[in-house]
Amino acid sequence: MDTLLSVCVGIGLSAACGFRVFLPLLGLGLAARGGYLEIAPTFGWVANDAALLALAVATILEIGAYYVPWLDHLLDAAASPMAVAAGVIASASVLTDVDPWLRWTLAAIAGGGTAGAVQALTVGTRKLSLFTTAGIANPLVSTLELGGSLLMTLLAVLVPLLALFVIGIFAGIFLLVFRARRARSRA
């Protein structure tokens, strides 16, 4: 059961990385520092003072930058590969009782894949906002993304099974919307 919960924590944090790159890593470090999460020994650095300070500064800068109209689109280009990497790191760090090969395989597929999928949705949402509102709604999109990252980080740390359930619900909604749009475009 511990491994299942670790996988849920990792996927939840990875989804949060798809919304914001640094906030979930900061949450991971703080949770590990506070004893709420067990992390693999090789990832102990995420809970040390220097890493927490760097992650806090990076989180503040990232959040602020997404409210600058032209900078938010530039960040999307840089954030996509960074979100995948952060998702892999977040997942691998909490998979403590598994073989290293399995840890990195799960982290790359489940963690990186989840972070990449969420990041792709946020990029698409931002582009839709740009084309439909000339970017006027982008601060609202940024706020919703920030809220999603914070919510998923908290759920992943405090209620990992619920985090996985929430990800499943949103994935289901996305698939329904995608199929409906695809059916309309064919008609």
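Higher on the page you've got the structure.
Here is a short report on the structure shown in this document. Here, residues in each chain are numbered from 1, in the same order as that chain's written sequence. Local features in this predicted model are restricted to residues of pLDDT 70 or higher, and side-chain atom pairs are both shown and tallied only at a pLDDT of 80 or more, whereas totals for entire chains, interfaces and linings draw on every residue. Side-chain metrics in this entry use all non-hydrogen atoms of the structure; hydrogen atoms and water are not considered.

1. Observations concerning the packing of aromatic side chains
The condition that has to hold: Two rings from Phe, Tyr or Trp (for Trp, the six-membered ring) form a pair when their centres are within 6.5 Å of each other. A pair whose planes differ by under 30 degrees is stacked, one over 60 is edge-to-face, and the rest are tilted. Over a ring means this: the NZ of a Lys or the CZ of an Arg is within 6 Å of the ring centre and within 35 degrees of the ring normal.
One pass over the structure, following the stated rule, counts one aromatic pair. Of note, R20 hangs over the ring of Y66, and the distance from its end group to the ring centre comes to 3.9 Å.

2. Looking at the environment of L162
Applicable threshold: Counting from the N terminus, the helices are DSSP H or I runs at least four residues long and the strands are E runs at least two residues long.
By the element assignment, L162 lies in helix α7 (residues 160–186). For the pair L162 and L150, spaced 12 residues apart in the sequence, the C-alpha separation amounts to 14 Å.

3. As for unusual backbone geometry
The condition is simple: Burial status follows relative accessibility: with a 1.4 Å probe on protein chains alone, a residue under 20% of its type maximum counts as buried, one over 50% as exposed, and anything between as partly exposed.
Look at A134: it is not a glycine, yet its phi comes out positive at around 55°. For A134, the position within the fold is in the loop between α5 (100–133) and α6 (138–158). Residue classification places A134 among the exposed positions, given a relative accessible area of 62%.

4. Notes on the environment of A83
Test applied: The contact criterion used is simple: two residues touch if any of their non-hydrogen atoms lie within 4.5 Å.
As for its placement among the helices and strands, A83 is situated in helix α4 (residues 69–94). Judged by relative accessible area, A83 falls into the buried class, the value being 0%. The spatial distance from the C-alpha of A83 to the C-alpha of G12 is 13 Å, given a sequence separation of 71 residues. Aside from chain neighbours lying at most four places away, what touches A83 is C17, G18, V21, A115 and Q119.

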